[in-house]
Amino acid sequence: MAKENIKKGTQAVWAGEKDYLVHGATQVPVVLSVAYGYNDMDEWYDVATGRKKGHIYGRNTNPTVQAFEEKMKVLEGAEAATSFSTGMAAISNTFSTFLVPGDRIVSIKDTYGGTNKIFTEFLPRQEIEVVLCDTGDHEQIEKEVAKGCKILYLETPTNPTVKITDIERMAKAGKEAGALVIVDNTFATPLNQTPLSLGVDLVLHSATKFLGGHADALGGVVCGPEDLIEKIYHYREINGATMDPMAAYLILRGMKTLHLRVRQQCENAMTLANYLQKEELVEGVYYPGLKTHPNHEIAKAQMTDFGGMLSFAVKGGMDTVKHLLPQLQFANRAANLGAVETTVGPARTTSHIECTPEERAAMGIPEGLIRVSCGIEDIEDIIADFEGAFRHAEKMFTDR
Ligand SMILES: *Cc1c(COP(=O)(O)O)cnc(C)c1O
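Residues numbered from 1 in each chain as written. Predicted model: local features only at pLDDT ≥ 70, side-chain atom pairs only at ≥ 80, totals over all residues. Heavy atoms only, no water.

A look at the site of the ligand
The environment of the ligand is formed by 15 residues, the closest being Met88, Asp184, Ser206, Thr208 and Lys209. One nitrogen or oxygen atom from the main chain of Met88 is found 2.8 Å from an oxygen atom belonging to the ligand. At 2.7 Å, a side-chain N or O of Asp184 approaches a nitrogen atom of the ligand. Relative to its unbound accessible surface of 380 Å², the ligand loses 93% to contact with the protein. Tallying contributions element by element places helix 4 (residues 87-98) first for the shell around the ligand, with 3 residues. Split into classes, the residues belonging to the shell around the ligand amount to 5 nonpolar, 7 polar and 3 charged. (Near = heavy atom within 4 Å. Polar contact = N/O pair within 3.5 Å; in protein donor to acceptor, adjacent residues only side chain to side chain. Areas by Shrake-Rupley, 256 points an atom, 1.4 Å probe, with all protein chains shown as cover. Helix = DSSP H or I, 4+ residues; strand = E, 2+ residues; numbered from the N terminus. Nonpolar A, V, L, I, M, F, W, Y, C, P; charged D, E, K, R; others polar.)

Structural data, given as structure tokens:
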């Protein structure tokens, strides 16, 4: 079967593993060895200098980690991929690979809290100019990119208000200005969106989230053309933010059910979003699958489904949140997302804890905003759970 005809679900199960199976094993082994020995000095030299395939030292490469990179490369339709200890390591190492003092980077205000911190705290002190545009204001981004920049960095859908940016349009703007266009694809996953096919240069993920899917392993990955990935790999192999082989194994195993999980998570998110829209105590629901979402049409065009993340704002702000969330039986109240369990949390304690209330307000994040990462549970139970929690919170309201 021609490679390009193989569907994503089949790729998630099979891709990238063949070369790493040994002793007839049907599963990729966890290779914990830090070093790789050679009796032949010429062979050792050839592997160490990249003339021959093989491994030297665990900070550089590892077979289990490479199997994960191979699978990601196929799913994102990339020439190459390189991995990291965390998603933040993927992001910061990519910046460090390409940015030097005097450079300019254009991005959006709604990036992941940690990414935003890099923009506001760490890059400026390296004399890198950071321009953060209003998320979804395509004209403003185009204008800033046209002034010249080294990197245009995007995230879509965004955390936590799930705003959508037109990837193809932004990739074009970036290309014209000679910028590297990078997209954080963590929320969409390669099943719902492949930014490289829309013209961007690099796509990256926190593998900790949907890719791993079980909230038990940290990881990050960047996918793109060979020459760019080689540069990022080189920076990482020296700086040492290497993915752990055990984490690579857990994420690989998680990825075998990626398509099943994400399909269910999208379905649950759509159903929950529709329910929340009718709920008395809810002030606003943010989900790109809703027709009321300002960029629903763009989302429909560039995504195959709308993802498992949504958020909603409640009447009464944090007071209501405090009564509502502890009532939920089938939800972890935690900072994580993308897991098989439904996970909830106020944006101010999860994605945007690093920001001040003023910074959050500037990003359009109400203090009573609740982020929901939909799990794979039966949605009827989740709706009933929320319904019960709302009635409890409502009672607190009327009792005051
Ligand atoms: C979690 C997350 C990150 C950071 O990933 P870690 O693995 O926690 O370092 C980056 N971007 C997005 C969109 C995320 O959700």
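Having put the structure on the table, let's press on.
A word on the packing of helix 4 against helix 9 (residues 226-239)
It is at 9 Å that the axes of helix 4 and helix 9 come closest, and there the two elements cross at 110°. Regarding the angle of helix 4 to helix 9, the classification is roughly perpendicular. Residues Asn93, Thr94, Ser96, Thr97 and Phe98 of helix 4 touch helix 9, and the partners they reach there are Leu228, Lys231, Ile232, Tyr235, Arg236 and Asn239. Classifying every residue of the contact of helix 4 with helix 9 by side-chain character gives 4 nonpolar, 5 polar and 2 charged. (Axes fitted to C-alpha atoms, helices over the stretch in contact; angles between N-to-C directions. Parallel < 35°, antiparallel > 145°, perpendicular 65-115°, else oblique. Contact = heavy atoms within 4.5 Å.)

A short note on helix 4
For helix 4, which comprises 12 residues, the first-to-last C-alpha distance of 17 Å matches the rise-based estimate of 16 Å (1.5 Å per residue) to within 8%. Looking at where helix 4 begins, the residue whose side-chain oxygen comes 3.4 Å from the main-chain nitrogen of Met88 is Thr86. (Expected span 1.5 Å × (residues − 1).)

Quick notes on the domain arrangement of the protein
Many structure descriptions define interface size as the accessible area lost when the parts assemble. As assigned here, the protein comprises domain 1 (3-255) and domain 2 (258-398). Averaged C-alpha coordinates put domain 1 and domain 2 at centres separated by 27 Å. Listed as interface residues are 41 residues of domain 1 and, on the opposing side, 39 residues of domain 2. Of the roughly 3,100 Å² buried where domain 1 meets domain 2, counting both sides, 62% is carbon and sulfur surface. Counting the contacts that link domain 1 with domain 2 gives 0 salt bridges. Applying the counting criterion to the domain 1 and domain 2 interface returns 14 residue pairs in polar contact (both at pLDDT 80 or more). Listed by contribution, the elements that provide at least two residues to the side of domain 1 that touches domain 2 are helix 1 (8-14), helix 5 (113-122), helix 7 (167-176), helix 8 (189-192) and helix 10 (245-255). Top contributing element to the side of domain 1 that touches domain 2 by residue count: helix 5, with 4 residues. Taken together, the residues of the side of domain 1 that touches domain 2 sort by class into 16 nonpolar, 18 polar and 7 charged. (Domains from an automatic or database assignment. Buried area = accessible area lost by both parts, 1.4 Å probe. Salt bridge = Lys/Arg side-chain N within 4 Å of Asp/Glu carboxyl O.)

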